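# Coordinates in review
Spelled out from the first residue to the last, the chains are:
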Amino acid sequence: MSSVAQRLAEVRARIEAASIAAGRDPHSVALVAVSKTKPAEAIRQAYAAGQRAFGESYAQELAQKAEELADLPDIEWHFIGHLQTNKAKYVARAAHVVHAVDTEPLAREFGRRVAMAGRPRLRALVEVKLSYEPTKHGARPEDLEDVLRAVEAEPSLLLAGLMTLPEDAAAEASQAFATLASLRLLHGGSARLPELSMGMTGDLELAIARGATMVRVGTAIFGAR
Ligand SMILES: *Cc1c(COP(=O)(O)O)cnc(C)c1O
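These notes cover the structure that comes with them. Bear in mind the structure is a predicted one, so any value in this text is a computation, not a measurement. (Residues numbered from 1 in each chain as written. Predicted model: local features only at pLDDT ≥ 70, side-chain atom pairs only at ≥ 80, totals over all residues. Heavy atoms only, no water.)

### Digging into the pairing of strand S8 (residues 214-217)
Keep this limit in mind: In this scheme, a residue with accessible area under 20% of its type's maximum is buried, one over 50% is exposed, and one in between is partly exposed, where area comes from a 1.4 Å probe on protein chains only. What counts as a helix is a DSSP run of H or I of at least four residues, what counts as a strand is a run of E of at least two, and both are numbered from the N terminus. Only strands joined by at least two bridges in the DSSP assignment are considered to pair.
Side-chain alternation along S8 places Met214 and Arg216 on one buried face and Val215 and Val217 on a second face that is also buried. For strand S1 (residues 30-34) and S8, the ladder comprises four bridges, and the chain directions are parallel. Among the inter-strand pairings, leucine 31 is bridged to a residue of S8, identified as valine 215.

If you want it as structure tokens, here you go:
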């Protein structure tokens, strides 16, 4: 077994244990393997071990890897990074899911670019900023409804849920995960917002306990960046 395959198995075991501890079905939590900065070869190893969803944070890197790995037919690309509006075209051509739509103009630009590319509907999650760190992005909770409606107004987008990237400290992360779950309830629940994208290598158990349906894990699978 390659080390990527081995680490992937360990992460799957963590997800399963955390789901069971939270009284949840382990199949209700999807794993997005975050491959940013890692070579296409590492992605091939994870793919060979059954992983299909991969997360990238940089627009050009996603476009390049999608091209390089075009022979893997059912690979699913998740764009998880912050994006300037003028870069949406690169992502719209390659991604299947985008996790960090955080403004109305970005939602409109994605809608336009996906339609222009003639691609299937892009599943879009809206990122919420639940941290005071200036380096973190996302819609403020008070602006969330406007951004959700902007996504719903685009025929080429499918509103899929909410995402957040909290501060590193466990206490802050746990609080942010709980807040994201209550924002989902406030804005239509799981019927309108099926996915909660939260939790990474260091805090996926906390996120699953708070209701995560997608965890984005890089380091634990591919090693330190
Ligand atoms: C890099 C990144 C991750 C993965 O973080 P790890 O700690 O390596 O698991 C998850 N989400 C986002 C938005 C990221 O940028």
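Past the structure itself, the notes keep going.
### Re the pattern of salt bridges
Note the cut-off: Throughout this description, the term salt bridge denotes a Lys or Arg side-chain nitrogen within 4 Å of a carboxyl oxygen of Asp or Glu.
Tallied over the entire structure, the rule returns 13 salt bridges. Put simply, glutamate 109 and arginine 112 hold a salt bridge, and the shortest N to O gap is 3.2 Å. Here glutamate 109 pairs with arginine 112, and both are found in helix H5 (residues 104-117), just three residues apart, close to one helical turn. Given a relative accessible area of 44%, arginine 112 falls into the partly exposed group. Members of the salt-bridge network, linked through shared partners, are Glu145, Arg149, Glu152 and Arg192.

### Some thoughts on the site of the ligand
Our working rule: By convention in this text, a residue qualifies as near a molecule or strand provided that one of its non-hydrogen atoms is within 4 Å of it. Any N or O atom pair separated by 3.5 Å or less is treated as a polar contact, with the protein-specific requirement of one donor-capable and one acceptor-capable atom, and with residues adjacent in sequence counted only for side-chain atom pairs. Residue-level accessible areas treat just the shown protein chains as cover; the underlying method is Shrake-Rupley with a 1.4 Å probe. When residues are sorted by character, Ala, Val, Leu, Ile, Met, Phe, Trp, Tyr, Cys and Pro go into the nonpolar class, Asp, Glu, Lys and Arg into the charged class, and all the rest, Gly among them, into the polar class.
Around the ligand, the surrounding shell holds 13 residues, and the nearest of these are Lys36, Thr201, Arg216, Gly218 and Thr219. The separation between an oxygen atom of the ligand and a polar main-chain atom of glycine 218 is 2.8 Å. Taking arginine 225, its side chain carries an N or O atom lying 2.8 Å from an oxygen atom of the ligand. Contact with the protein chains covers 88% of the free accessible surface of the ligand, which is 390 Å². Among the residues forming the shell around the ligand, the class breakdown is six nonpolar, four polar and three charged.

### A closer look at the nonpolar core
What counts is decided by this rule: As used here, the term nonpolar core means buried Ala, Val, Leu, Ile, Met, Phe, Trp, Tyr and Cys residues forming a set that is joined through side-chain atoms within 4.5 Å. Contacts are assigned to residue pairs with any non-hydrogen atoms lying within 4.5 Å of each other.
The biggest cluster of nonpolar side chains holds 63 residues, and the ones touching the most others in it are Phe54, Phe110, Leu162, Val215 and Ile221. Residues in contact with leucine 162, not counting those within four places in the same chain, are Leu125, Val126, Val128, Leu144, Leu148, Leu180, Leu183, Arg184, Leu193, Glu195, Leu196 and Ser197. If you look at the next biggest cluster of nonpolar residues, it comprises five residues, including Val97, Ala160, Met163 and Met214.

### Observations regarding the packing of aromatic side chains
Basically, it comes down to this: Note on aromatic pairs: the rings of Phe, Tyr and Trp (six-membered ring only in Trp) are paired at centre separations within 6.5 Å, and the planes decide the class, stacked below 30 degrees, edge-to-face beyond 60, tilted for the rest.
Enumeration over the complete set of coordinates arrives at one aromatic pair. Relative to tryptophan 77, the ring of phenylalanine 54 lies with its centre 6.2 Å away and its plane at 50°, an arrangement referred to as tilted. Residue phenylalanine 54 is located in strand S2 (residues 53-56), and its partner tryptophan 77 is located in strand S3 (residues 76-79); the two are separated by 23 residues in the primary sequence. Across the pair, tryptophan 77 and phenylalanine 54 agree in class, each one buried.

### Overview of helix H1 (residues 3-21)
The criterion, for reference: For a helix, the expected span equals 1.5 Å multiplied by the residue count minus one. It is the directions from the helix axis to the C-beta atoms that the arc portrays.
Taking 1.5 Å as the rise per residue, H1 with 19 residues should run 27 Å; its terminal C-alpha atoms sit 27 Å apart, in good agreement. Within H1 the residues assigned to the buried category are Val4, Ala5, Leu8, Val11, Ile15, Ala18 and Ser19. Seen along its axis, H1 keeps its buried residues to an arc of 150°; they face one direction. The exposed residues of H1 that point more than 90 degrees off its buried face are Ile20 and Ala21. Contacts from the buried residues of H1 go to S1, helix H2 (40-48), helix H9 (204-209), S8 and helix H10 (219-222). Just beyond H1, the residue with positive phi is glycine 23, at close to 70°.

### So, the side chain of arginine 184
Note the cut-off: Positive charges are assigned to Lys and Arg, negative charges to Asp and Glu, while His and the chain termini are left out of the count.
Turning to its location among the elements, arginine 184 is positioned in helix H7 (residues 170-186). Buried charged residue arginine 184 carries no salt bridge. Nearest counter-charge: glutamate 195, at 6.7 Å. Beyond its immediate chain neighbours, meaning those up to four positions away, arginine 184 contacts Leu162, Gly189, Ser190, Leu193, Pro194, Glu195, Leu196 and Gly211.

### Considerations on H2
Taken residue by residue, H2 has Ala40, Ala42, Ile43, Ala46 and Tyr47 as its buried positions. With its buried residues spanning 155° around the axis, H2 presents them on a single face. Considering only its buried residues, H2 is in contact with H1, S2, helix H3 (59-68), S3 and H10. Positive phi shows up at glycine 50, right after H2, with a value of about 100°.

### Notes on the environment of glycine 211
Along the chain, glycine 211 falls in the loop between H9 and S8. A relative accessible area of 17% places glycine 211 in the buried class. Residues glycine 211 and glutamate 195, 16 residues apart in the sequence, show an inter-C-alpha distance of 9.3 Å. Those residues in contact with glycine 211 that sit more than four places away from it in its chain are Arg24, Arg184, Leu196 and Met198.

Remember that the coordinates give geometry; whether it matters functionally is a separate question.
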